[in-house]
Amino acid sequence: MLEIAKKLEGLPRHASTHAAGVVITDKPLTNYVPLQRENKEGRIVTQYDMYCLDLNAVSDNKAIGLLKVDFLGLRNLTILEQTLQYVENSSGIKIDIHQVPLDDEKSYKLISSGNTIGVFQLESSGMRRLAKDLEPNKFSDIIAMVALFRPGPMELIPSFLEGKKNPSKVRYLHKDLKKTLEETYGVLVYQEQVMEIAHDLAGYTMSEADNFRMAMGKKKKSLMKIEKEKFTRKFTERYSKPLAEKIFNFIEKFAAYGFNKPHSASYALIAYWTAYMKANYPVEFMTALLTAELQGVAGPMREIKMAQTLEECRKMEIKVLPPDINKSDFNFKIEDGSSIRFGLSAIKNVGQAAIESVIQAREGGGSFKGFKEFLYRVELRKVNKKTVESLIKADAFYQFGNRATLLTSYPVLVKEVSDMKAATENGQFGLFGGGSKEEQLRDTFEKLTEFDEDLLFSMEKEVIGFLINKNPLLKFKNLIAERATKLIGEVTNEDLNKAIILVGIVSGKKLIKTKRDNSEMAFITLFDESGSIECVVFPSLYKKFAPILAINQVLILQLPLIFLMVSMYAYSLFVL
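Since we're looking at a predicted model, the values are computed, not measured.

Q: Whenever I open this one, the environment of Ile355 confuses me. Can you help?
A: With respect to the element layout, Ile355 can be found in helix H16 (residues 352-365). Taking the C-alpha atoms as reference points, Ile355 and Ser266, separated by 89 residues in sequence, lie 39 Å from one another. When sequence neighbours within four positions are dropped, the list of residues in contact with Ile355 reads Phe330, Leu344, Ser345 and Val350.

Q: How should I be thinking about the packing of aromatic side chains in this particular structure?
A: The description of an aromatic ring pair rests on the distance of the ring centres and on the angle between the ring planes. Applying the stated criterion across every chain, the model contains 19 aromatic pairs. Judged by centre distance (6.3 Å) and plane angle (55°), the rings of Phe212 and Phe248 are tilted. Highlighted residues: Phe212 in helix H10 (residues 206-218) and Phe248 in helix H12 (residues 241-255), separated in sequence by 36 residues. For the pair Phe212 and Phe248, one class covers both residues: buried.

Q: When you look at helix H19 (residues 403-425) in this model, what are you seeing that I'm missing?
A: When the terminal C-alpha atoms of H19 are compared, their 31 Å separation across 23 residues agrees well with the 33 Å that a helix rising 1.5 Å per residue should span. A maximum bend of about 50° is found in H19 at Tyr410, where proline Pro411 lies one to four positions downstream.

Q: Explain unusual backbone geometry here, please?
A: The general pattern is negative phi for most residues beyond glycine and trans for most peptide bonds. In this model, Asn349 sits at a positive phi of 75°, which is unusual for a non-glycine residue. You can call Asn349 partly exposed: its relative accessible area is 41%. Phi at Asn518 is positive, roughly 60°, even though this residue is not glycine. Its location among the elements puts Asn518 in the loop between strand S8 (499-513) and strand S9 (520-528).

Q: Explain the sheet that holds strand S6 (residues 333-335) here, please?
A: Consider a sheet: its strands pair through backbone hydrogen bonds, and that pairing is either parallel or antiparallel. The strand order across the open sheet built from 3 strands is S5-S7-S6, with neighbouring strands paired in mixed fashion. Each having just a single partner strand, strand S5 (319-321) and S6 make up the two edges of the open sheet. Within the sheet, the average angular offset between the axes of one strand and its neighbour, ignoring direction, is 35°. Pairing analysis gives 3 bridges linking S5 to strand S7 (residues 339-341), with the strands arranged parallel. Residue Lys319 lies in a different strand from S7, and its bridge partner there is Ser339. Across the sheet, helix H14 (residues 282-294) touches S6 and S7, and the angle it forms with S7 is around 25°.

Q: Looking at this model, I keep getting lost on the side chain of Thr83. Mind explaining?
A: Among the secondary structure elements, Thr83 is positioned in helix H3 (residues 75-91). At 2.7 Å, the side chain of Thr83 forms a polar contact with the backbone oxygen of Ile79. What Thr83 contacts, discounting residues up to four positions off in sequence, is Met277, Glu284, Phe285 and Ala288.

Q: In this structure, what is going on with the pattern of salt bridges? I would like to understand it.
A: Note that side chains of opposite charge can pair when their charged atoms are close. Evaluation of the coordinates by the stated rule reveals 23 salt bridges. A salt bridge links Lys179 to Asp200, with the nearest nitrogen and oxygen atoms 3.1 Å apart. Linking Lys179 in helix H8 (residues 178-181) with Asp200 in helix H9 (residues 191-202), this pair joins segments that are 21 residues apart in sequence. Note on Asp200: relative accessible area 27%, which makes it partly exposed. Among the ionic pairs, Asp329 bridges to Lys333, the shortest N-O distance being 3.5 Å. Given the relative accessible area of 23%, Lys333 is considered partly exposed. Residues joined by salt bridges that share partners form a network here, namely Lys179, Glu196 and Asp200.

Definitions and cut-offs
Residues numbered from 1 in each chain as written. Predicted model: local features only at pLDDT ≥ 70, side-chain atom pairs only at ≥ 80, totals over all residues. Heavy atoms only, no water. Helix = DSSP H or I, 4+ residues; strand = E, 2+ residues; numbered from the N terminus. Contact = heavy atoms within 4.5 Å. Phe/Tyr/Trp six-rings, centres within 6.5 Å; stacked < 30°, edge-to-face > 60°. Buried < 20%, exposed > 50% of the residue type's maximum accessible area, 1.4 Å probe, protein only. Expected span 1.5 Å × (residues − 1). Bend = angle between axes of the 7 residues up to and from the residue. Pairing = 2+ DSSP bridges. Axes fitted to C-alpha atoms, helices over the stretch in contact; angles between N-to-C directions. Polar contact = N/O pair within 3.5 Å; in protein donor to acceptor, adjacent residues only side chain to side chain. Salt bridge = Lys/Arg side-chain N within 4 Å of Asp/Glu carboxyl O.

What follows is the structure, given as structure tokens:
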């Protein structure tokens with residue numbers, strides 16, 4: 001068995017597929033590479049891996065040299081497109097995003113403040129912290145941020161920050177390196193800088209410099225040995241041998257971290273564009289962002305992102321208006337130039353057919369004058385019981401009555417309306433008196449006392465997934481200020497093994513049973529206005545605190561942090 005295992009060891013377990021890679025050839029692919037169908041979706045894929053295919057792969061000359069292109073789709077481009085459309089609709093200004101100035105003061109001020117929720121590549125808590133520390137004031141700083149904020153290159157961030165704040169303290173191994181490294185304050189950040197040093201100082205051709213860059217980045221010992229000898233020989237034709245060794249060691253230290261600058265610059269440009277639109281057209285940008293978050297993959301993460309975006313609107317003093325049966329359209333829209341009106345599609349159980357029926361009735365007969373009239377004018381086959389109840393729970397009929405009144409009255413009213421419609425179709429409406437149609441459609445139901453606040457929160461969370469205008473944490477504002485040591489979004493690796501106190505709302509809960517003794521434990525997702533975090537509650541704690549670990553429950557957690565991927569282990573739980 002061990003002999004067989006030795007033969008199997010290191011072999012691929014499965015055939016994986018690149019998320020965005022496309023191979024392009026001048027002749028049929030079968031002329032160059034064997035093909036197969038992927039098991040899951042039946043897509044045609046190559047049997048050779050990316051390293052054997054790639055035109056530029058460093059694989060000891062075993063690559064067959066085909067062109068592989070990664071096509072990436074970014075929803076941020078859709079957000080930008082929708083923002084530009086909102087701007088044109090609201091102000092008549094047609095903006096060419098490719099022509100916006102790259103030195104806009106408001107954009108850099110927004111990035112430096114760390115208020116970058118919705119800004120491509122810059123919205124994570126770590127990136128926001130880096131933005132505050134760096135205070136970028138030019139486009140090259142944003143390019144470097146994108147390149148450096150990755151595992152590995154993060155080690156270079158302190159040196160980069162120091163060089164940014166004190167350029168006079170930056171030192172170069174040789175004055176001729178200044179031209180290449182001045183932009184990044186003496187830190188080797190990009191692969192192209194490796195190529196430029198080899199080209200300018202050692203006299204490499206650009207093709208040779210590219211091979212040198214790949215060898216350094218891949219850390220292939222056989223190639224590294226060859227390249228070191230070549231670099232030292234060519235470099236000493238212009239400079240001294242000791243300097244050659246120093247610069248080679250300097251390159252070797254940073255080359256594995258080197259990032260492709262065009263890639264980073266492309267991402268940085270989209271990051272700048274989104275920051276520019278957010279800084280200069282905040283209402284339009286946030287409307288587009290809310291629409292994009294709403295159209296994301298359904299689940300707890302979408303709800304958390306929506307809650308985070310709504311909180312950002314509050315911070316920016318942009319009023320987000322609740323769903324209104326007389327004003328809301330399918331998606332979010334700008335209202336009165338400075339507010340954002342919730343779209344009906346954000347409400348669960350309210351489908352496209354129902355929304356079309358509502359809008360069609362509104363456009364054909366004007367605004368709805370009452371709840372009963374609404375039921376009469378829409379198609380009840382499309383706007384069914386579940387839809388109406390969800391609209392009520394989302395408070396879309398707030399102008400006609402409170403939720404307790406409408407939910408109680410609905411079963412009686414829908415029966416009356418159905419009878420009226422049947423009588424109208426049979427030509428018998430008003431045959432036996434009862435007043436005019438307008439009088440019979442007037443709301444005359446008894447108004448009941450509204451549900452308590454917790455139940456209203458629960459209803460809103462049920463049909464929308466998050467709270468629109470109220471943050472349940474606000475009522476604990478004073479206690480949070482007194483007890484909490486950090487917001488969830490502010491937690492970093494620096495908090496490792498430190499005791500901190502967090503306050504948040506339980507937005508997700510997953511129960512599992514342990515293999516050892518089949519006892520229950522839980523993963524709970526906790527969020528506040530700054531972000532979310534997953535906490536592991538082990539069996540002994542879960543048994544003790546199970547009743548309070550409920551969705552929408554506000555918790556205060558005292559944690560010594562032990563990071564495992566993105567999770568934290570919670571050792572103490574206290575309910576507010």
